[in-house]
Amino acid sequence: STSTSTSTTSTRLSFVRADVGRLPFATGSFDAVHAGAAMHCWPSPSAAVAEISRVLRPGGVFIASTFLDPTSMLGDALGSDEMVQPLSAAFRESGLGTGGAFNQFWSEKELRDLTTGMCGLERFERKRERQFIFFSVRKPEGGRRE
């Protein structure tokens, strides 16, 4: 006779609607936070990323995707976003493409500065595809920065 043992675990999943700039969760309560194609809609991205950093446990990861400034595609072709900075500045000053749900287009440098410089996350990694960027950053282990 063969005996088979089956183990099942119950995972509780909750959906919470909240202001990303004031998350109703305890500090250090998440292993990971994902924001899919959302950052361009946030009224205060710096407050939002600071809150995400707060709720991440040490070593936790923030994974996000958003839209880059349209000149980023030219920057990719030329091998440097800095080369298209004057064109990027003109595009942003024109206000084209913003309004409605689109509050902001991003440059890779702005995303890096926001997440690592302003909000204390580290190990910025990214993948760019035309005007789209997928990136991840980690909260430092034990409160130290690498």
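Described in the following lines is the structure provided in the data block. Predicted model only: the values in this text are computed from it and were never measured.

Analysis parameters
- Sequence order as written defines the numbering, with residues in each chain counted from 1.
- Given that the model is predicted, a residue must reach a pLDDT of at least 70 before its local features are reported, and side-chain atom pairs must reach 80 or more before they are shown or counted; all residues, however, enter totals for whole chains, interfaces and linings.
- Side-chain numbers here rest on the full set of heavy atoms in the structure, without hydrogens or water.
- A side-chain nitrogen of Lys or Arg and a carboxyl oxygen of Asp or Glu constitute a salt bridge if their distance falls within 4 Å.
- Helix and strand assignments follow DSSP, with helices taken as H or I runs no shorter than four residues and strands as E runs no shorter than two, numbered in order from the N terminus.
- We treat two strands as partners when DSSP finds at least two bridges between them.
- Fitted lines through C-alpha atoms give the axes, limited to the stretch in contact for helices. The angle between two N-to-C directions lies from 0 to 180 degrees.
- Orientation labels follow simple angle bins: below 35 degrees gives roughly parallel, above 145 gives roughly antiparallel, 65 to 115 gives roughly perpendicular, and whatever is left gives oblique.
- Handedness of each helix crossing follows the sense of rotation of the near helix against the far helix: counterclockwise by less than a right angle gives left-handed, clockwise gives right-handed.
- Contact criterion: two residues are considered in contact whenever any of their non-hydrogen atoms come within 4.5 Å of each other.
- Polar here means any residue other than Ala, Val, Leu, Ile, Met, Phe, Trp, Tyr, Cys and Pro, which are nonpolar, and Asp, Glu, Lys and Arg, which are charged; Gly is therefore polar.
- Only protein chains enter the accessibility calculation, which uses a 1.4 Å probe; a residue whose area is less than 20% of its type maximum is buried, one above 50% is exposed, and one in between is partly exposed.
- Here a polar contact is recorded for every N or O atom pair within 3.5 Å, except that within protein the pair must consist of a potential hydrogen donor and a potential acceptor, and residues adjacent in sequence are included only if both atoms are side-chain atoms.

## A short note on the pattern of salt bridges
- Throughout the structure, instances matching the rule amount to six salt bridges.
- Between Glu108 and Arg128 there is a salt bridge, and its shortest N-O distance comes to 2.9 Å. Taken together, the residues Glu108 in helix α4 (residues 108-118) and Arg128 in strand β3 (residues 122-129) connect sequence positions 20 residues apart.
- A cluster of three or more residues bridged by salt bridges with shared partners is formed by Glu108, Arg112, Arg126 and Arg128.

## A look at the pairing of β3
- For β3 and strand β4 (residues 132-138), the ladder comprises six bridges, and the chain directions are antiparallel. Its bridge partner lying in β4, Glu125 is registered against Ser136.
- Hairpin connection of β3 to β4: two residues between the antiparallel strands, including Arg130 at a positive phi of 55°.

## Here we look at the packing of helix α1 (residues 45-55) against α4
- Where α1 meets α4, the axes come as close as 10 Å, and the angle between the chain directions of the two elements is 45°. When the interaxial angle is binned, α1 and α4 end up oblique. Between α1 and α4 lies a crossing whose hand is right-handed. Where α1 abuts α4, its residues Pro45, Ser46 and Val49 lie against Leu114, Thr115 and Met118.
- Each residue belonging to the contact of α1 with α4 can be placed in one class, and the counts come to four nonpolar, two polar and no charged.

## Things to note about the environment of Phe134
- The residue Phe134 is located in strand β4 in this model.
- For Phe134, a relative accessible area of 39% translates into the label partly exposed.
- The contacts of Phe134, once residues within four sequence positions are left out, are Ile63, Ala64, Ser65, Glu125, Arg126 and Lys127.

## Considering the side chain of Ser65
- Along the polypeptide, Ser65 turns up in strand β2 (residues 56-67).
- Among the polar contacts made by the side chain of Ser65, one reaches the main-chain amide nitrogen of Ala37 at a distance of 2.9 Å.
- Other than its neighbours up to four places away in sequence, Ser65 contacts Ala35, Gly36, Ala37, Ala38, Phe132, Ile133 and Phe134.

Keep in mind these values describe shape, not function.
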